[in-house]
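So you can see what is in the structure, the chains are spelled out below.
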Amino acid sequence: MEINIHYEIDTISDIYEDYVYMSKYETKSEEKGTCKYCGTTDLNKFKSKAHLAPEFTGNKDSFCYNECDDCNNTFSAYEYSLKSFGAFKNSHLPIKGKKKFPKYVDGYHGYSLQFKDDNSLMISTKKEGDFLKVSDDKVKIKSLTMPFVPLNVYKCLVKIAFSLMEDKDFNKFKSGISWLMGKKEKTTPLIPHIMLYNPNQKPISKPIALLLKRKIDYNAPEFSFVFIWGFYIFQVFPPFNVLDKNLDFANLKLPIMNEFITKNEEGKFGVSHYDMNHLERIQSLEKITFGLKKDRNIKS
Ligand SMILES: [Zn+2]
């Protein structure tokens, strides 16, 4: 099947409406105690509280009561990939994990950094390295991220989108469950595993997750999902919706947020999108620059 994607800007609010924000989400009482993914109703498997978005993203108060411990455990591998992908930059922000600010360790360059309660950033190293440069009033730090699996970063985002869906909508995505649950599962989906991504947003310390649903007849997927964590903003189009089978894939429209528009050195506009359908572990070289001012004006 031929698939042609047209990224559209400035149309997203005409085509989609807010389905639910994570901050407003509550598991429906009739869905509690039945696992949305494996179907178990064994109450012994609902002993821990499943975070809707990972706790390390700063989510302290949104939980799913329809996700069993086993499935939650499976998803933690995907969360780990998201963490490895973004932990370096976001360690510069006051985002608490379970108890304290997480320590970020770069084993390759041999240093660690950690945000402290007095609003300072502690950088520790035993050897001199080229990972840190101080010039004038700016500090530049680079890091090689921990290895992550692109498909698992994507699965982590799709799982958060699924968590926000009521059963009546999630039922349309049932064919995606085996893909989601299988750690090595790679498929050719209806909607390509495209992730829109911008690592340079104005940072926030509490994550925002928003599920969008199409409100008009349009040749775009029925759902879209936006997630903002620290410096990062992501948008994906959850695959496997049976209703999306009716779309014209030769002319598929993906309405995206303006945050993903890029401009290169020649002034040409583009869209920062990534095909995440890869299972090999990769690392990426990340850089951050911030000013040495009292108001902690962080720029990257
Ligand atoms: Zn389960």
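The model shown is predicted, which means the values in this text are computed figures rather than measured ones.

Q: So what's going on with the overall build of the protein chain? Which residues, and what values?
A: Summing up its helical and strand segments, the protein chain has five helices and 19 strands in all. In terms of overall size, the protein chain behaves like a compact globule, its C-alpha atoms giving a radius of gyration of 20 Å where 300 residues would be expected to give roughly 19 Å. When the backbone C-alpha atoms are referred to their principal axes, the protein chain occupies close to 55 × 55 × 35 Å. Sequence-distant contacts, at least 24 apart, represent 71% of the contacts inside the protein chain between residues at least 6 apart.

Q: I'd like a description of the environment of threonine 41, backed by residues and values.
A: By the secondary structure assignment, threonine 41 is in the loop between strand 2 (16–21) and strand 3 (50–51). A count of 10 C-beta atoms within 10 Å places threonine 41 in the exposed class. Taking the C-alpha atoms as reference points, threonine 41 and asparagine 66, 25 residues apart in sequence, are found 9.3 Å from one another. The contacts of threonine 41, once residues within four sequence positions are left out, are Gly33 and Thr34.

Q: Explain unusual backbone geometry to me, using residue names and the numbers behind them.
A: One non-glycine residue, aspartate 10, lies in the positive phi region at around 65°. With 10 C-beta atoms counted inside 10 Å, the residue aspartate 10 sits in the exposed group. Despite not being glycine, asparagine 119 has its phi angle at roughly 70°, a positive value. Within the fold, asparagine 119 resides in the loop between strand 6 (111–115) and strand 7 (121–125).

Q: Tell me about the sheet that holds strand 2, and name the residues and values.
A: The strand order 2-11-12-13-10-17 describes an open sheet built from six strands, whose pairing is antiparallel. What marks the edges here is a single partner per strand, and that holds for strand 2 and strand 17 (273–275). Averaged over all pairs of adjacent strands, the angle between strand axes in this sheet comes to 25°, irrespective of strand direction.

Q: Give a detailed account of the sheet that holds strand 6, specifying residues and quantitative values.
A: Note: strands within a sheet are paired through backbone hydrogen bonds, in either parallel or antiparallel orientation. Within the open sheet, the three strands sit side by side as 5-6-7. Their pairing is antiparallel. Both outer strands of the open sheet, strand 5 (103–106) and strand 7, are each paired with one neighbouring strand and no more. On average, adjacent strands in this sheet sit at an angle of 15° to one another, irrespective of strand direction. The sheet contact formed by strand 5 and strand 6 spans four bridges and is antiparallel. Bridged to valine 105 within strand 6 is serine 112.

Calculation criteria
Residues numbered from 1 in each chain as written. Predicted model: local features only at pLDDT ≥ 70, side-chain atom pairs only at ≥ 80, totals over all residues. Helix = DSSP H or I, 4+ residues; strand = E, 2+ residues; numbered from the N terminus. Rg over C-alpha atoms; globule rule 2.2 N^0.38 Å. Contact = placed C-beta atoms within 7 Å. Buried ≥ 20, exposed ≤ 12 C-beta atoms within 10 Å, placed from the backbone. Pairing = 2+ DSSP bridges. Axes fitted to C-alpha atoms, helices over the stretch in contact; angles between N-to-C directions.

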